[in-house]
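Single-letter residue listing:
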Amino acid sequence: GFLLTFLKSRPTRQRLKQQGILKERVFGCDLGEHLLNSGLDVPQVLQSCSEFVEVHGIVDGIYRLSGISSNVQKLRHEFDSGHNPDLTRVTYLQDIHCVGSLCKLYFRELPNPLLTFQLYPHFAEAVSEGSDSVRLLKVHKVIQQLPPPHYRTLHYLLHHLSTMASYSKMTGMHVRNLAIV
């Protein structure tokens, strides 16, 4: 009797979230699910990191050089705990590359990548087309098929990378270098 009563009285996941007891992880969480739970259009990690990098990260090798691992893990833990860390703390300003590393880590840990496993064969086919104009058209067509959370995030990311490419003389990160990272 007692065990059954105990199990039935267990609060739902939604109730635990409302009470602040259960927090959704950020890293390693499905992009669509994360954005639905957070109510955001794009991941806070991407927004915070890109805004910080555009102001403070115009340095040689941004996104190519790695940050100090312990700083990356500290930041990851803060985001996973539901906080939006102050990236302008001295620790992070002295290790600007840890913010770029964190952003890359976020995308690496997505269970379904930004361009999705489902559309991968279509992207592979599109990029193997002959001329640049046909390739561009086909890639654009595949991008249009992305789920809305993935599309919005890709749009935001590409806008950020385009901004960073405009600083290539100072960062050494030209379009080709940014495409690799």
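Before any of the text, the structure's been laid out above.
Just so it is clear, the structure is predicted and the values come from calculations on it, not from any experiment.

### A closer look at helix H4 (residues 44-56)
Here H4 is 13 residues long and its end C-alpha atoms lie 18 Å apart, about the 18 Å a rise of 1.5 Å per residue gives. Of all the positions in H4, only Val45, Leu46, Ser48, Cys49, Ser50, Phe52 and Val53 are classed as buried. Residues of H4 that are buried sit in contact with helix H5 (69-80), helix H6 (90-93), helix H7 (97-108) and helix H10 (148-165).

### Looking at H10
In this model H10 runs 25 Å from its N-terminal to its C-terminal C-alpha over 18 residues, within 8% of the 26 Å that 1.5 Å per residue would give. Where H10 is concerned, the buried positions are Pro149, His150, Thr153, Leu154, Leu157, His160, Leu161, Met164 and Ala165. Axial view of H10: buried residues confined to an arc of 140°, hence all on one face. The exposed residues of H10 that point more than 90 degrees off its buried face are Pro148, His155 and His159. If you follow the buried residues of H10, they end up packed against helix H3 (31-38), H4, H7, helix H9 (132-143), helix H11 (168-171) and helix H12 (175-180).

### Brief notes about the environment of Glu129
Residue position: Glu129 is located in the loop between helix H8 (120-127) and H9. Measuring from C-alpha to C-alpha, the distance between Glu129 and Val139 comes to 9.7 Å, with 10 residues separating the pair along the chain. In this structure, Glu129 is in contact with Val134, Arg135 and Lys138, ignoring residues within four places of it in sequence.

### Here we look at the packing of H4 against H10
Where H4 meets H10, the closest approach of the two axes is 11 Å, and the angle between their N-to-C directions is 10°. Considering their axes alone, H4 and H10 lie roughly parallel with respect to each other. The residues of H10 that touch H4, namely those facing Leu46, Gln47, Ser50, Glu51, Val53 and Glu54, are Thr153, Tyr156, Leu157, His160, Thr163 and Met164. Tallied by class, residues from the contact of H4 with H10 come to 5 nonpolar, 5 polar and 2 charged.

### Looking at the packing of aromatic side chains
For the coordinates displayed, the defined rule picks out 2 aromatic pairs. Seen from their ring centres, Phe27 and Tyr106 are 5.6 Å apart, and the 85° between their planes marks the pair as edge-to-face. Of this pair, Phe27 sits in the loop between helix H2 (13-18) and H3 while Tyr106 is found in helix H7, placing the two residues 79 residues apart along the sequence. Relative to Phe107, the ring of Tyr106 has its centre 5.4 Å away and its plane inclined at 80°; by these criteria the two rings are edge-to-face. Of the aromatic side chains, those joined through ring pairs into one cluster are Phe27, Tyr106 and Phe107.

### Notes on the environment of Asp95
Tracing the backbone through its elements, the reader meets Asp95 in the loop between H6 and H7. Judged by its relative accessible area of 8%, Asp95 is buried. In this structure, Asp95 is in contact with Gly67, Ile68 and Asn71, ignoring residues within four places of it in sequence. Side chain to side chain, Asp95 and Asn71 meet in a polar contact 2.9 Å long.

Parameters and conventions
- Residues numbered from 1 in each chain as written.
- Predicted model: local features only at pLDDT ≥ 70, side-chain atom pairs only at ≥ 80, totals over all residues.
- Heavy atoms only, no water.
- Helix = DSSP H or I, 4+ residues; strand = E, 2+ residues; numbered from the N terminus.
- Expected span 1.5 Å × (residues − 1).
- Buried < 20%, exposed > 50% of the residue type's maximum accessible area, 1.4 Å probe, protein only.
- Contact = heavy atoms within 4.5 Å.
- Arc of directions from axis to C-beta.
- Axes fitted to C-alpha atoms, helices over the stretch in contact; angles between N-to-C directions.
- Parallel < 35°, antiparallel > 145°, perpendicular 65-115°, else oblique.
- Nonpolar A, V, L, I, M, F, W, Y, C, P; charged D, E, K, R; others polar.
- Phe/Tyr/Trp six-rings, centres within 6.5 Å; stacked < 30°, edge-to-face > 60°.
- Polar contact = N/O pair within 3.5 Å; in protein donor to acceptor, adjacent residues only side chain to side chain.

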